[in-house]
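# Chain and residue survey
So you can see what is in the structure, the chains are spelled out below.
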Amino acid sequence: KQWYQRRVRGVYLEKTYLKTASLISHSCQAVALNSCRPHLQSAAFGYGKNLGIAFQLVDDLLDFVSSSAEMGKATAGSDLKLGLATAPVLYAVKEFPNELGPMISRNFAEEGDAERAFQLVGRSEGVALTRELAERYCNSALLELEKMPECEERSALASLCDLVLRRSN
C-alpha cells in the first residue's frame, strides 16, 4: 500500500536527479571550485541538486496543468503517452490504486490508458502533492545557500527558486 511513496522517493527521484539535477548540481559545484573552499563547493552542489529536482518536479506537474501553447511543446499527458509515471501519477496511485497501479505496471501501453490516467491524476491530489514536494526541494536549496556568504550572487541564486516554482512553461 505504501509502495507509491518508496517509488516517488526512490526510483523516480534518482531518475530525476540523473536526468536534470545532476547537470545543475555539477555546474554549480564547478563554479564554486574557484573558491578553493570545500564547504562552498558542497553547498553549491547541494543547492544545484535541490533546485534541479524541484525544476523537474514542476516540469512533470506542468504536463497535467498547462496547455501545449503555454509550454511550447506537446503536453496533456505527454509523459503518460511515453509510458512514464511521473510524481503526479505516483502520488495519485494512492487514491486510485486499483486503476492506476496496473496502468503503471504496463507503462500505460493499453489503448486509453494514458487518457484515463490523465483524468485520474486530475481528480487526485497528485499535482498538489508534487508542487509541495518541489517547494520542499527549493527550501532545501535555500538552506544550502545560507552556507554561502551573503552577496548579490547569492540573492540571485535564491530568486531562481521562486522562478522555478512560479514557472508556467
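Report follows, based on the coordinates. Per chain, residue numbering runs from 1 following the sequence as it is written. Reporting of local features is limited, given that this is a predicted model, to residues whose pLDDT is at least 70; pairs of side-chain atoms are given and counted only at 80 or more, and all residues count toward the totals for whole chains, interfaces and linings. As a rule here, side-chain values come from all non-hydrogen atoms in the structure, and water together with hydrogens is ignored.

## Thoughts on the side chain of Ser 25
Helix and strand definitions follow DSSP, with helices as H or I runs of at least four residues and strands as E runs of at least two, each counted in order from the N terminus. Mapping Ser 25 onto the fold places it in helix α1 (residues 3-32). We call two residues in contact whenever any of their non-hydrogen atoms come within 4.5 Å of each other. Setting aside anything within four residues of it in sequence, one finds Ser 25 in contact with Tyr 17, Ala 44, Phe 45, Gly 48 and Lys 49.

## Describing the nonpolar core
Of all hydrophobic cores here, the largest spans 45 residues; its most connected members are Leu 57, Val 89, Leu 100 and Phe 108. It is helix α2 (residues 38-65) that contributes the most residues to this core, 12 residues altogether. In contact with Leu 100, other than residues within four places in its own chain, are Val 89, Ala 92, Val 93, Ala 117 and Leu 120. For our purposes a nonpolar core is just a set of buried Ala, Val, Leu, Ile, Met, Phe, Trp, Tyr and Cys residues, chained together by side-chain atoms within 4.5 Å. Burial status follows relative accessibility: with a 1.4 Å probe on protein chains alone, a residue under 20% of its type maximum counts as buried, one over 50% as exposed, and anything between as partly exposed.

## Remarks on the environment of Leu 84
Tracing the sequence through the fold places Leu 84 in the loop between α4 (78-81) and α5 (87-92). Apart from residues no more than four positions distant in its own chain, Leu 84 is found in contact with Asp 79 and Phe 108.

## Overview of helix α9 (residues 152-166)
Between its terminal C-alpha atoms α9 stretches 21 Å, which fits the 21 Å expected from 15 residues at 1.5 Å a residue. All of the buried residues along α9 are Arg 154, Cys 161 and Val 164. Each buried residue of α9 sits inside an arc of 70° when the element is viewed along its axis, so together they form one side. Among the exposed residues of α9, those oriented more than 90 degrees off its buried face are Glu 152 and Arg 166. Where α9 is buried, its residues touch α2 and α8 (126-145). The span you would expect from a helix comes to 1.5 Å times its residue count less one. Working definition: the arc comes from the directions between the helix axis and the C-beta atoms, pointing outward to the latter.

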